[in-house]
Amino acid sequence: MTAKKSVLIVEDEHHLAVGIKYNLEAEGFQVTTAGDGPSALQCIQDKTPIDLIILDLMLPGMSGYAVCEKLREMNIDVPVLILSARTLTEDRTRGFDVGADQYLTKPFDLDELLSRVRNLLLMYDRRTKRGNGQPISSPPQYQIANCEVDFATYEVNAGGKKAKLTQLEMKLLQYFIHNEGRVIPRDELLENVWEMPATITTRAVDQFIRRLRKIFEPNPSSPRHFLTIRDVGYRFVTAGVDPELDA
Ligand code: CA
């Protein structure tokens, strides 16, 4: 089971936002809408990570360009697809200049929009999985059970109890978050997080998982988030599973 990808639609034409939302939900996405820039930025900074943003340009108050620029300034590396009635080359160029990934003009073909959304997500997934020397980026904060993780300071606040992650622990946690729901073999973790061939003992991985469990799991001996998949590796689930059912 893979987690649903979540899409944020930033669009002030309500009927259009609702139409796109309906179609994305039919394709299995989880969809949030925002009618203007500030509420879009607020939504992105909230706890639930957004996997992709569909962004209109002509928005009341703050333009789509400004929203995209702000996102990139905040180091939020989420794929952005601009969906705009502006058809000029300079609009397109400006969109890419502020950090958008794709540009689709209105009126648009629904199948094309859906296919671009899927492809953009795949591309970003591959990029983060390959771990090509780039830090795996995430929104600044993340919530697991009652624990809040701050990616900037590496601090974890577990209901008032503080812990600090090492760089490697943080990298491992971010890798889990980006691959949420997928079974990840230990070898893959060694290659992409430790950046070493899987020739060394995989017990190193297990030790790190134990440490993450100690911090994040209410009951580390019966994990709900960092799950062991026997003979394979691990699977991470933000929302947590019932250990009885997922054994
Ligand atoms: Ca508009």
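Residue indices begin from 1 for each chain and proceed along its sequence in written order. Given that this is a predicted model, residues contribute local features only at a pLDDT of at least 70 and side-chain atom pairs are listed and counted only at 80 or more, while totals for whole chains, interfaces and linings are drawn from all residues. The basis for every side-chain value is the complete set of heavy atoms in the structure, and neither hydrogens nor water enter the calculation.

(A) Representation of the coordination of the calcium ion within the structure. Within the protein, the calcium ion binds to Asp12 (OD), Asp56 (OD) and Met58 (O); these donor distances fall in the range 2.2 to 2.4 Å. Counting gaps between the donor residues of the calcium ion yields the pattern D-x43-D-x1-M. Of this pair, Asp12 sits in the loop between β1 (6-10) and α1 (14-26) while Met58 sits in the loop between β3 (52-55) and α3 (64-73), placing them 46 residues apart in sequence. Coordinating N, O and S atoms are those within 2.8 Å of the metal (3.2 Å for Na, K and Ca), and as water is not part of the atoms, a site may appear to have fewer donors than expected. Helix numbers and strand numbers start at the N terminus; a helix is a DSSP run of H or I with at least 4 residues, a strand a run of E with at least 2.

(B) Broad picture of the sheet that holds strand β12 (residues 233-236). Whether two strands pair depends on DSSP finding at least two bridges between them. On the basis of which strands lie adjacent, the open sheet formed by 3 strands has the order β10-β12-β11 and antiparallel pairing. Of all strands in the sheet, those bounded by a partner on one side alone are β10 (183-185) and β11 (226-229). Between one strand and the next, the sheet's axes are offset by a mean angle of 35 degrees, whatever the strand orientation. Throughout, a residue-residue contact means that at least one pair of heavy atoms, one from each residue, lies within 4.5 Å. Interaxial angle, 0 to 180 degrees, is taken between N-to-C directions of lines fitted to C-alpha atoms, where a helix line uses only the stretch in contact. Of the strands in this sheet, β11 and β12 touch helix α8 (residues 203-216), which is tilted by about 145 degrees from β11.

(C) Region of the structure containing the packing of helix α2 (residues 37-45) against α3. For the pair α2 and α3, the least separation of the axes is 10 Å and the interaxial angle reads 25 degrees. Here α3 runs roughly parallel to α2, going by the angle between their axes. Crossing of α2 over α3 shows right-handed handedness. Each of Gly37, Leu41 and Ile44 in α2 lies in contact with α3, whose residues at this interface are Val67, Lys70 and Leu71. Residue composition of the contact of α2 with α3, by class: 4 nonpolar, 1 polar and 1 charged. Orientation is classified from the angle alone, with under 35 degrees giving roughly parallel, over 145 giving roughly antiparallel, 65 to 115 giving roughly perpendicular, and any other angle giving oblique. A crossing counts as left-handed when the near helix is turned anticlockwise from the far one by less than a right angle, and as right-handed when that turn is clockwise. Gly is put with the polar residues, along with every residue not named as nonpolar or charged; the nonpolar set is Ala, Val, Leu, Ile, Met, Phe, Trp, Tyr, Cys and Pro, and the charged set is Asp, Glu, Lys and Arg.

The quantities given are spatial measurements derived from coordinates; they are silent on function.
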